[in-house]
Amino acid sequence: MDAEEPPADGPPINDNAQELAADGPPINANAQDVEELDAEGVPAQNGEEGDDGEFEDEEFDDDEEIEWEGVPDADNSGWDEGMRLRIERGDPEITSLTIRDQERLSHDGMGGMYIAPRDLSDFIPNWESDGAAIGNNTHLRELHFSCLHQLGGNPGDVTDEQLATFFSSLAASSQNSRIQSMVFNLSDLRGVAFHNLGDFFRNRDDFERLRILGIWGSPEKIPALNAVGLDRLRNALGQFSSLVEFELSESSLNDEEAESLINALGKHSRLTALNLRKNYLGKKACSALASNIGQRNNVILSKLVLSHNTLCDEGLATLGGSLADSTTLTELHLSNNPGVSARGWKPILDLLQNPLSNLEELSLSQNTIDDGCAMLLSGHLHGNSKMKTLNMGSCHQITIKGWRALFGAMQGCALENLKVHDNQTAGRSRRLCSSFGDDAMLALSDALVGNSSLRTLDLSGNRGITAQGWRAFSQCLQHPESALEELFTYTPGGLPDINDDSATLLAQSLSNNSKLKVLLLGYASLSAKMVFRVQGTVWATLAQLLCNKASILDTYNSNHTLQKLFTASDEIGTQDSDIEYRDNIHPFLQMNEAYTRCEAARRKVIVAHFGGDIVPHFMQMERKMLPHAIAWMAKECHSDADSSKKNGLPSLHQFVQKVLFAVDLWKETSNGGGKRQRLN
């Protein structure tokens, strides 16, 4: 690879006397002028943030000594007792609590089960006594009730009587409570909590968040609430008016039930987010929404999620009319509503041309969207400076005519995130079934040349794109104004939709790209069952892209931005390609993610060029160059707390050891009366 200009924070290079700038590597042993190194290049934050619930080194005035630190034992012994004492004593570190009725079991991979280690906020309460302690705690902000197994009526499952005692005690002791959020995840089918929390809701004017979730994916579609539970929830919603966020999803609500629930939410004028996805909402629910959430009712709704429902043209027209005067709505999710015809989407698309609209995100995937809709949408997008995210995945009726119109509007809008994934129709022939192929890719590539706003692009699942389409798209990545940071090309179903030639083209196009951080080529871990299997040519191209070892300057000019190639890359197998990835690609991706560009470049230089016998590199340098090169190699040693990350220290230690050995040998030769010789 020819040497290119180094990154902006790198050293100025000339042909003969190459200088070492603040963050650059030692390039040439014959340099005449060397500038002082500065202290830049401190590694960025690495690793995950600590859990908010983790409790460290806090002492309480009590004679009993309890160990609270760290992860609980494998059998979770004593964990609940320790958590109970922390709750009773008002440990300020516990602001969120996940309440279960039994231990979580996990598969051990060999057909067996084991008790999963607890999260730091997990708690199995005493249902008769712990409600009061939780109600009296002034630091708790969120309660999450997870999978209370009362559905099957199995022995040991929590009973309605136990839940009633728990929630009654919580409500009676909540005068000083600061709980603002509750989440019920398949936990209270009959709404016992809402039946017994009346006093809690009536005494609070700052309870803001209520989420209730069922299970949509099961064959029975287990709802979050049955008819009794839903009636109790409606009554509870009438006890207060402070909700900011409400969700009742995956619960199989029919149109009439949804209508009555939405009417009960009408008094919550502070509501900003409403999520009713995966139910059976129709015309009546849309009418209730229009009556209760419109701007005329002083509702400040900013997010509305109605995806995976049974909306119809008439209902959507009513809803669109009520949203036309909204200045607060920024997110509208309407994916997978097959009951709406192509003509029925016009009232929603017309929202984009309303000068009062502040809509920033619109999701229309898996709908009956045709070329007419695409052309109408393109007209509304052109000149729109507010729209940031558009989801048009699985819109199979759009042809190349519609895609060209839609992409043509991108030059005149401010889109930052575009999803056009899985645009193909049913059938076996990949070329014949895809509605998004090379022609659409060419239109998209033309629109993106010079585009400086798009940050994320999802092209996954479009199997009609061939190497020709990827070749055209690679030109966008090489454009200096490209702002793209994330590119998705994988297929969640498991079949590859990008071959080795296409992957190599994409990798080569990133040689001068300093923006793209995520290039998801496959959906799998790198194991023997990896669904996306690439060959050595792709690995070699990626390895050279991330760390070109031809020379120190080539290494410094490598790509120090790309951080991720697969949706899961921690499980690396023993296949040859897996080993190639583990040894020559994955470590450099981790460096790019953990450190600044200049620091990643410095560490790659050390790994690639100073991993063996480094003494000859230093011994050949001019005396004036030597101290700066040594300082450059080890300058991070005082800033990294983790010694395993001090890449320069082993090389520096090796250098000092060998130099001292050479000096001692030189002294022995001198003292022996022999002729002094300079040892190189």
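See above for the structure.
Residues numbered from 1 in each chain as written. Predicted model: local features only at pLDDT ≥ 70, side-chain atom pairs only at ≥ 80, totals over all residues. Heavy atoms only, no water.

## Here we look at the overall build of the chain
The condition is simple: Secondary structure follows DSSP: runs of H or I at least 4 residues long count as helices, runs of E at least 2 residues long count as strands, and numbering of each begins at the N terminus. Three exposure classes are used, based on accessible area relative to the maximum for each residue type with a 1.4 Å probe and protein chains only: buried under 20%, partly exposed in between, and exposed over 50%. Contact definition: two residues touch when any of their heavy atoms are within 4.5 Å. Note on areas: Shrake-Rupley with a 1.4 Å probe; residue coverage comes only from the protein chains shown.
Counting its secondary structure elements, the chain contains 24 helices and 18 strands. In the chain, which comprises 680 residues, the proportion classed as buried is 50%. Long-range contacts, defined as pairs at least 24 residues apart, comprise 78% of the intrachain contacts of the chain with a sequence gap of at least 6. About 31,100 Å² of surface is accessible on the chain, with carbon and sulfur atoms providing 46% of the total.

## What to know about helix α16 (residues 500-509)
With 8 of its 10 residues buried, α16 lies for the most part within the structure. Taken together, the buried positions of α16 are D500, S502, A503, T504, L505, L506, A507 and S509.

## Digging into the side chain of S177
This is how it is decided: Pairing of N or O atoms within 3.5 Å defines a polar contact, subject to two protein rules: one partner must be a possible hydrogen donor and the other a possible acceptor, and residues neighboring in sequence count only if both atoms are side-chain atoms.
Checked against the element boundaries, S177 lands in the loop between α3 (160-172) and β6 (181-185). S177 gets classed as buried once you look at its relative accessible area, which sits at 2%. There is a polar contact of 3.2 Å between the side chain of S177 and the backbone nitrogen of I179. The residues contacting S177, other than those within four sequence positions of it, are G135, N137, F200 and R204.

## Observations regarding the pairing of strand β8 (residues 245-249)
Stated precisely, the cut-off is as follows: For two strands to be treated as a pair, DSSP must find at least two bridges joining them.
By the criterion of burial, β8 is predominantly enclosed, with 4 of the 5 residues buried. In this sheet, β8 lies alongside strand β7 (residues 209-213) in parallel orientation, the contact comprising 5 bridges. Across the sheet, the residue bridging to R211 is E247, located in β8. Sheet topology places β8 next to strand β9 (residues 273-275); 3 bridges connect them, and they run parallel. Considered in β9, the bridge of E247 is made with N275.

## Re the packing of helix α7 (residues 255-264) against helix α8 (residues 283-292)
What counts is decided by this rule: Geometry is summarised by axes, namely lines fitted to C-alpha atoms with helices restricted to the contacting stretch, and by angles between N-to-C directions that run from 0 to 180 degrees. Angles are sorted into four bins: roughly parallel if under 35 degrees, roughly antiparallel if over 145, roughly perpendicular if 65 to 115, and oblique for all others. The classification used treats Ala, Val, Leu, Ile, Met, Phe, Trp, Tyr, Cys and Pro as nonpolar, Asp, Glu, Lys and Arg as charged, and all other residues, Gly among them, as polar.
Two numbers describe how α7 lies on α8: the axes approach to 7 Å, and their chain directions differ by 10°. On the basis of their axis angle, the class for α7 and α8 is roughly parallel. Residue-level contacts link D255, E256, A258, E259, I262 and N263 of α7 to K283, K284, A285, A288, L289 and N292 of α8. Classifying every residue of the contact of α7 with α8 gives 5 nonpolar, 2 polar and 5 charged.

## Focus: the packing of aromatic side chains
What counts here: Only Phe, Tyr and Trp rings are paired, with Trp represented by its six-membered ring, and only when their centres lie within 6.5 Å; those with planes under 30 degrees apart are stacked, over 60 edge-to-face, the remainder tilted. Consider the ring centre and the ring normal. A charge sits over the ring if Lys NZ or Arg CZ is within 6 Å of that centre and within 35 degrees of that normal.
Under the counting rule described, the total for this entry stands at 16 aromatic pairs. Both rings, one in F166 and one in F167, keep their centres 5.2 Å apart while their planes meet at 85°; by these two values the pair is edge-to-face. Each member of the pair, F166 as well as F167, carries the same accessibility label: buried. Each ring, one from F200 and one from F201, has its centre 5.5 Å from the other, and the planes form 70°; the classification is edge-to-face. Exposure class is identical for F200 and F201. Each is buried. Each residue in the set W127, F145, F166, F167, F184 and F194 is aromatic and connected to the rest through ring pairs, giving one cluster. Positioned above the aromatic ring of Y595, the side-chain terminus of R603 is 3.9 Å from the ring centre.

## Here's the deal with the pattern of salt bridges
Inclusion rule: Salt bridge, as applied in this entry: a Lys or Arg side-chain nitrogen positioned within 4 Å of an Asp or Glu carboxyl oxygen.
Inspection of the entire model under this criterion finds 18 salt bridges. Among the ionic pairs, R84 bridges to D130, the shortest N-O distance being 3.0 Å. Here D130 lies in helix α2 (residues 130-136) and R84 lies in helix α1 (residues 79-88), a separation of 46 residues in the sequence. Under the relative-accessibility criterion, R84 is labelled buried at 16%. Classification of D130 as buried rests on a relative accessible area of 3%. A salt bridge links E599 to R602; its shortest N-O distance comes to 3.0 Å. Placement of the pair is E599 and R602 together in helix α21 (residues 597-609), with a separation of 3 residues, close to one helical turn. Its relative accessible area of 1% is what places R602 among the buried residues. Salt bridges here are not isolated pairs; linked through shared partners, they connect R211, E247, E250 and R277.

## Section: the packing of α8 against helix α9 (residues 313-323)
Packed helices, taken two at a time, are described by the angle their axes make and the gap between the axes. Running from N to C, α8 and α9 cross one another at 10°; their axes reach a closest spacing of 8 Å. As the angle between them shows, α8 and α9 are arranged roughly parallel. In contact with K283, C286, S287, L289 and A290 of α8, α9 contributes E314, G315, L316, T318, L319 and S322. Here the residues of the contact of α8 with α9 are counted per class, giving 5 nonpolar, 4 polar and 2 charged.

## Side note on the environment of S269
By the secondary structure assignment, S269 is in the loop between α7 and β9. Each C-alpha atom, one on S269 and one on S242, is 7.6 Å from the other, the two residues being 27 residues apart in sequence.

## Observations concerning unusual backbone geometry
Backbone geometry places E250, a non-glycine residue, at a positive phi of 55°. Take E250: it is sitting in the loop between β8 and α7. Here the phi dihedral of N336 falls at roughly 55°; this positive angle occurs in a residue that is not glycine. With respect to the element layout, N336 can be found in the loop between β11 (331-333) and α10 (346-349).

## Remarks on α9
So the rule is basically this: The directions from the helix axis to the C-beta atoms form the arc being described.
Every buried residue belonging to α9 is among G315, L316, L319, G320, S322 and L323, and all of these are buried. Along the axis of α9, the buried positions cluster into a sector of 160°, meaning they face one direction only. Among the structural elements, α8, β10 (303-305), β11 and α10 are those in contact with the buried residues of α9.

## Concerning the pairing of strand β1 (residues 96-99)
As judged from the 4 bridges shared by β1 and strand β5 (residues 142-146), these two strands associate in the parallel manner. Following the sheet pairing, S96 is matched in β5 by E142.

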